[in-house]
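# A look at the structure
Letter by letter, the chains look like this.
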Amino acid sequence: MNASERKDLTSCECGYHPEKYNDNCDKYGNPVCSVTKALRNHVIFASFANLFDENDPSEYYYDLSGYMGKLRCNWVFLAEIDESFFFLRHRVHAHSRFGEKVPIHFYNESNEMPVSFTWQDLKKGHTLAILYAERKTFLDLSEGIRQEALETCYVFKTGLKNLEEEASKVLDLKDLNFKKSPEKCFSCGVEKESLLRCAKCKLAVYCSKECQVKSWQSVHKNLCSQMDVLLRLASLPRNRKFKKYLSFCPGQDFLSEYVYSERHVQKPLK
Ligand SMILES: [Zn+2]
Ligand SMILES: [Zn+2]
Ligand SMILES: [Zn+2]
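Residues numbered from 1 in each chain as written. Chains lettered and ligands numbered in written order. Predicted model: local features only at pLDDT ≥ 70, side-chain atom pairs only at ≥ 80, totals over all residues. Heavy atoms only, no water.

The name given to the chain in an unreviewed UniProt entry is MYND-type domain-containing protein, with Brachionus calyciflorus as the source organism.

Encoded structure:
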């Protein structure tokens, strides 16, 4: 990143800033963030600066034996795509919510096809989610992500801002259901005892047909089929399944154990 790109960087609500590395840590030295808002916790929904360098693995990311305190939670890098390229391999330029501009290069030497997204989904305005993303310094000394595993990648068909808004609505809904409180319309926010529920995702709720149509046209059309994945992703900070590796593989619970983890598991600890 050059200096002009850096000046727009923003902080996490907990005070963490990607350039100042003023991370709060627990007694084991693991970074912590107090923010529970959907997709806003900077440890789970990491800044690019907060990712580990692929050549410098930290043992609490990779150790699966689980000795006291040395296992970090799962982490995800979320970035909205600004540009998408294909020349020999798929690449995107994207930005994190902190304003970091990050080139992401897909290296899938076996030419496997992604299972949880399609290459056509990599387009401007969509948001890429990468579980266990690592920082890479390329040969020209620029920094970015060299992504090999495809089952840890997912593409949401909307931008970061919409994604955060929809994630917080769907998380609220789960909390309200738990407390048996009236639900809020996803479109206008009005509270009502009984709302219309989207027949497809069975998650989004609306006070009226008009609100449903409005939301469908502006954002829900693209996200309806992705709401379940979004809910699970947004729930990451709140559940305790931190010790498992995750993937976005369809057909299996993406909170189940990350099967394609050999590269990570067998990485020698320093
Ligand atoms: Zn934070
Ligand atoms: Zn409404
Ligand atoms: Zn829906």
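Resuming the write-up.
Mapping Pro31 onto the fold places it in strand β2 (residues 31-32). We classify Pro31 as buried; its relative accessible area is 11%. Considered as a pair, Pro31 and His42 are eleven residues apart in the sequence and their alpha carbons are 9.3 Å apart. (Helix = DSSP H or I, 4+ residues; strand = E, 2+ residues; numbered from the N terminus. Buried < 20%, exposed > 50% of the residue type's maximum accessible area, 1.4 Å probe, protein only.)

All right, on to helix α5 (residues 227-235) then. Here α5 lies mainly inside the structure; seven of its nine residues are buried. Among the residues of α5, those classed as buried are Met227, Val229, Leu230, Leu231, Leu233, Ala234 and Ser235.

The next thing to look at is the coordination of the zinc ion (ligand 3). Within the protein, the atoms that donate to the zinc ion (ligand 3) are Cys198 (SG), Cys201 (SG), His220 (NE2) and Cys224 (SG), at distances of 2.0 to 2.4 Å. Note that the zinc ion (ligand 3) binds four donor atoms; their angles at the metal cover 103 to 118°, and the shape is tetrahedral. Written as a sequence motif, the donor residues of the zinc ion (ligand 3) are C-x2-C-x18-H-x3-C. Taken together, the positions of Cys201 in the loop between β12 (196-197) and β13 (205-206) and His220 in helix α4 (residues 209-223) put the pair 19 residues apart, joining distant regions of the chain. (Donors = N, O, S within 2.8 Å, 3.2 Å for Na, K, Ca; no water. Tetrahedral: all angles 85-135°; square planar, octahedral: opposite > 155°, others 65-115°.)

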